[in-house]
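Residue-level structure breakdown
Listed here are the chains, written in short residue letters.
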Amino acid sequence: MWQPKRVLFEEKALDYEYGRRMYDKFTALKIPVEIMGKGNRISGIPDSPAAKAWSEAKNVLAVRMRNTKTFETCKPSAHYQLPLVSSCPGKCEYCYLHTSLGKKPYLRAYANIDEILSRAEQYIVERQPEVTVFEGAATSDPIPLEPFTGLLARAIQFFADRTDARFRFVTKFTQVESLLSLKHNNRTRFRFSLNSHKVIQAWEHGTPDLGSRLNALAQVAEAGYPLGVIIAPVVLTPGWQGEYLQLLQELAMRLRDQHDLTIEIILHRFTQRAKNNIMDIFPDSTLPMEKEDRTFKYGQFGYGKYVYPKDVYSVARDFFATEVARLLPEAKLEYLV
Ligand code: SF4
């Protein structure tokens, strides 16, 4: 199980129950803890080379306070992000956080969870009688930190008591035990991010293999949570149909009769900025990012991305739509982009 090598606490975080719990847990595990100095700056992570700065940052956890005035929106899958933790100890070459978390993506956990949930409640009340959906993994994979923080468990229990809100998050990790016996009242959708064996082996590092993820997913299904699967990024290398067919077959063996299952599929895309960052950190990366094989598409946030051309996209869309309907007839394919 992953553990941080160093944990830094904002002094104020220790005024909060969850901050103190984390402090006690890390000291009991003999993981070095420090109280941050003035300005709450994170020290001790080198600035260069880029690969070292990135990699060492992923061993550092900062337990911080979260300003609760505003939450980021999270369209189209949820209304708001629920800030619990950010970053992730995984080292995937294609990580979507390369662009958003900068050169030193150290991990953060927020100690003032009760204030965060109180703010969530205000958003929920503002939108009544509509149901408000919160996403707990917009800037993180929250599961590797959960054994130390307990923040997801707190959030799941909060949403279990609300008829007017839903919670969802996604993970590639398997430390799900502490969440299995919680009362969730079907109001949290527990999603797993999966990929073909080949893609996991080639471009993910520090994440569990597919078999371990499927075992964790089966445990979560047994616990009665609404389930979700994200297959992303789908990388269309030679033989991709066989690789992804195998993935869907393995999934179907576990979940064929699962009634409350959503599937989201995202084909690989990249921005120029993401490509630059990836090549800084993984100079020998074999991740396919040749612009001449892609179509440039303008995005809604003012920057464009390189996506598969329309004809390639159509082949992939038809393949997944057909095979999901055949192998997982009860599942709802939410989108394929
Ligand atoms: Fe990024 Fe997810 Fe991989 Fe973590 S597990 S490095 S969040 S892609």
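Here we summarise the structure given alongside this text. These numbers come from a predicted model, not from an experiment.

Quick look at the sheet that holds strand 6 (residues 107-110) now. Read from one edge to the other, the open sheet built from five strands follows the order 2-1-3-6-5, with strand pairing classed as mixed. Across the chains shown, the open sheet's two edge strands, defined by having one partner strand only, are strand 2 (33-35) and strand 5 (85-86). Where strand 1 (residues 6-9) and strand 3 (residues 60-64) come together, four bridges link them in parallel fashion. Across the sheet, residue Leu 8 finds its bridge partner in strand 3, namely Ala 62. Across the face of the sheet, helix 1 (residues 17-28) comes into contact with strand 1, strand 2, strand 3 and strand 6 while running at roughly 150 degrees to strand 1.

What follows deals with the nonpolar core. Residues Leu 82, Phe 134, Phe 167, Leu 179 and Leu 328 are the most contacted members of the largest nonpolar core, which totals 101 residues. Sequence-distant contacts of Leu 179, defined by excluding residues within four places in its chain, comprise Ile 143, Glu 146, Leu 152, Ala 153, Ile 156, Phe 169, Phe 190 and Tyr 225. Core analysis: the second largest hydrophobic core is formed by seven residues, Leu 8, Met 36, Ala 57 and Val 60 among them.

A separate point is the site of the ligand. Around the ligand sit Lys 58, Cys 88, Gly 90, Lys 91, Cys 92, Cys 95, Tyr 96, Leu 97, Lys 172, Phe 173 and Thr 207, and that is every residue in its neighbourhood. Here the shell around the ligand is composed, by residue class, of six nonpolar, two polar and three charged.

Taken as a whole and assessed by the stated rule, the structure comprises 20 salt bridges. We note a salt bridge from Arg 21 to Glu 17, for which the minimum N-O separation is 2.8 Å. Of this pair, Arg 21 and Glu 17 both sit in helix 1, four residues apart, which is roughly one turn of the helix. Among the ionic pairs, Arg 326 bridges to Glu 323, the shortest N-O distance being 2.7 Å. One end of the pair is Arg 326 and the other is Glu 323, both in helix 12 (residues 310-327) and three residues apart, which spans about a single turn. Within this structure, Glu 135, Arg 168, Arg 191, Glu 264, Lys 332 and Glu 334 form a network of salt bridges that share partners.

Strand order in the open sheet made by the seven strands is 4-7-8-9-10-11-14, with parallel pairing throughout. The sheet is open, and its two edges are formed by strand 4 (80-81) and strand 14 (332-336), each paired on a single side. The strands that helix 9 (residues 210-222) touches are strand 9 (188-194) and strand 10 (227-234); relative to strand 9, the one it contacts most, it runs at about 165 degrees. The strands touched by helix 10 (residues 240-255) within the sheet are strand 9, strand 10 and strand 11 (261-267), with strand 10 carrying the most contacts at an inclination of about 170 degrees.

Quick notes on the rules
- Residues numbered from 1 in each chain as written.
- Predicted model: local features only at pLDDT ≥ 70, side-chain atom pairs only at ≥ 80, totals over all residues.
- Heavy atoms only, no water.
- Pairing = 2+ DSSP bridges.
- Helix = DSSP H or I, 4+ residues; strand = E, 2+ residues; numbered from the N terminus.
- Contact = heavy atoms within 4.5 Å.
- Axes fitted to C-alpha atoms, helices over the stretch in contact; angles between N-to-C directions.
- Core = buried A, V, L, I, M, F, W, Y, C linked by side-chain atoms within 4.5 Å.
- Buried < 20%, exposed > 50% of the residue type's maximum accessible area, 1.4 Å probe, protein only.
- Near = heavy atom within 4 Å.
- Nonpolar A, V, L, I, M, F, W, Y, C, P; charged D, E, K, R; others polar.
- Salt bridge = Lys/Arg side-chain N within 4 Å of Asp/Glu carboxyl O.

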